[in-house]
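# Summary of the model geometry
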Amino acid sequence: MANVSTVYALALVLLNYIMQVHGTGCPVVECWFVQEKPGRGFPAAMSQEKSLMYVRTDPDSTGAESQQKPPADIDPTRIYHVTDSSASLCSSSLKSPEGSVKKPLCEINPFLPQPAVVKWAAPLTSSAQSPIYLQADWFSASLQGLDGQLTLSSVMRAPKGTNEPNVILSVFSTSTSIRSRLGVPVVLDCGFWMDASSPLSGLGFAVEWRYQFRGEGRLVVAYDGKGDRLAETTEEGAELDIPALHQTGNASLLLEEAQVRHTGTYICTAYLPYLLAQVAIDLEIEEPPSLSISPSPLPISYPGQTLSVQCEASGFAPLSLELSWEFVGADGGVQSLGEGGMSGHRQASDGTFSQSSRLTLDLGKLDLGRGGEVTCVAVHPGGTRRASTTLNIIGVSGPSIEDSMAMVAVALGLYGVIKLFSWMFGTSGPSDSDSKDKKDK
Ligand SMILES: *[C@@H]1O[C@H](CO)[C@@H](O)[C@H](O)[C@H]1NC(C)=O
């Protein structure tokens, strides 16, 4: 009997799992419902309540709610049955694996429809009367999928007091942050979707990209889809694909050539009359350094000598660099030589940085054998780079008597050879005075 009930329990667990993962296709999303506390001063205090969104793609289908009872700690008025015909909310990256602590981020806020003030969206609400359609409960939901694979923001409308909103406008991107090398084209992905059955959707749209970095912002590009006009901006090398915008809602921003100054946050906003939704994408320009070692090659050295070597790292961004030194001996053994003395950094006109490290090698204290490779190692977010130079040490094991005598013997031998040659040429070869005589003639 016990066995049967165990099997039964296991089957239930499995079924529940299958339902959750594959059953409805759309997830149950845990959210925070965040709003201003009424009647407080400035800055407004915020309240935060647990909330739940049951998502379905059409209002007639049974959503995920039929399989699960809502948790007891959630106020029933904060449980929403959302219909999303675009199925954006059904993305697999919004489903947290069963038992996983990592959950998608979700926040719901009350939303107040109002005419846009920016020039490129103002024409959308040029007629002063606001439609009766706006009288409803409006929410905006911002979600971030697992592993930064999706960022999504939706504006939803629920007939008053129903808790059954429909998604009217969604803006989404497949990445919350991207990295790029210097000098290559970059695509900042953004798309938008609007509910074609909404009376607002036939009235036109507008799209805008803003840039923000350390509290400063500027307009990158803006497009009035109603008047088919691009706003004037100072930005160069940034484009929208206008036909794609109209045909598929592809609002991706194309940067022709990544530069250091492009590092920052990009905000993609889509406007419908009275509505807007936006997502933010971080762009980081990461370029690893180029290294050069000087002097290279190193002068032939002898024990007891002190050498100075410099490693210059240049053309990198961002400013986050660790330089260190290594020595690889003839036997393949690796020794760390430390960081050396780091210089301050300089910034070039293209925004990239350079920085150097000077290593002092005291061959009297270090045992580097007969020499080997001296390597500068640069660790940077864009990648690790290395540069090496060869160190030759002669007369190893200290200038012993034998070594000194050998060197003297070699020197004497060389002296003898030179003497011999000069004697040979001096007697049998043509002399300088001879050639001078010839020129004079
Ligand atoms: C949107 O357009 C960009 C650039 O043209 C392209 O790289 C991207 O794949 C498009 N996205 C979709 C979903 O079609």
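Because the structure is predicted, anything quoted here is derived from the model rather than measured.

This brings us to the state of the cysteines. Inspection of every chain in the model, using the stated rule, returns four disulfides. Here C26 engages in a disulfide with C90; their sulfurs sit 2.0 Å apart. Linking C26 and C90, the disulfide has an S-S dihedral of approximately 80 degrees and is accordingly described as right-handed. Linking C26 in the loop between α1 (2-23) and β1 (28-36) with C90 in the loop between β3 (79-83) and β4 (105-110), this pair joins segments that are 64 residues apart in sequence. Like C90, C26 is buried. Note that C31 is cross-linked by a disulfide to C106, the S-S spacing being 1.9 Å. Between C31 and C106, the S-S dihedral sits near 75 degrees, and the bridge is therefore right-handed. Here C31 is found in strand β1, whereas its partner C106 is found in strand β4, with 75 residues between them in sequence. In this pair, the class of C31 matches that of C106, namely buried.

Another aspect to go through is unusual backbone geometry. Backbone torsion omega between S294 and P295 reads -10 degrees, so that peptide bond is classified as cis. Counting through the fold element by element, P295 comes out in the loop between β18 (290-294) and β19 (306-316). In this chain, A317 is followed by P318 through a cis amide linkage whose omega measures -5 degrees. At R214, a residue that is not glycine, the phi angle is positive and equals roughly 45 degrees. You can see R214 is positioned in the loop between β11 (206-213) and β12 (216-224). You can call R214 exposed: its relative accessible area is 74%.

Criteria and thresholds
Residues numbered from 1 in each chain as written. Predicted model: local features only at pLDDT ≥ 70, side-chain atom pairs only at ≥ 80, totals over all residues. Heavy atoms only, no water. Disulfide = S-S within 2.5 Å. Helix = DSSP H or I, 4+ residues; strand = E, 2+ residues; numbered from the N terminus. Buried < 20%, exposed > 50% of the residue type's maximum accessible area, 1.4 Å probe, protein only.

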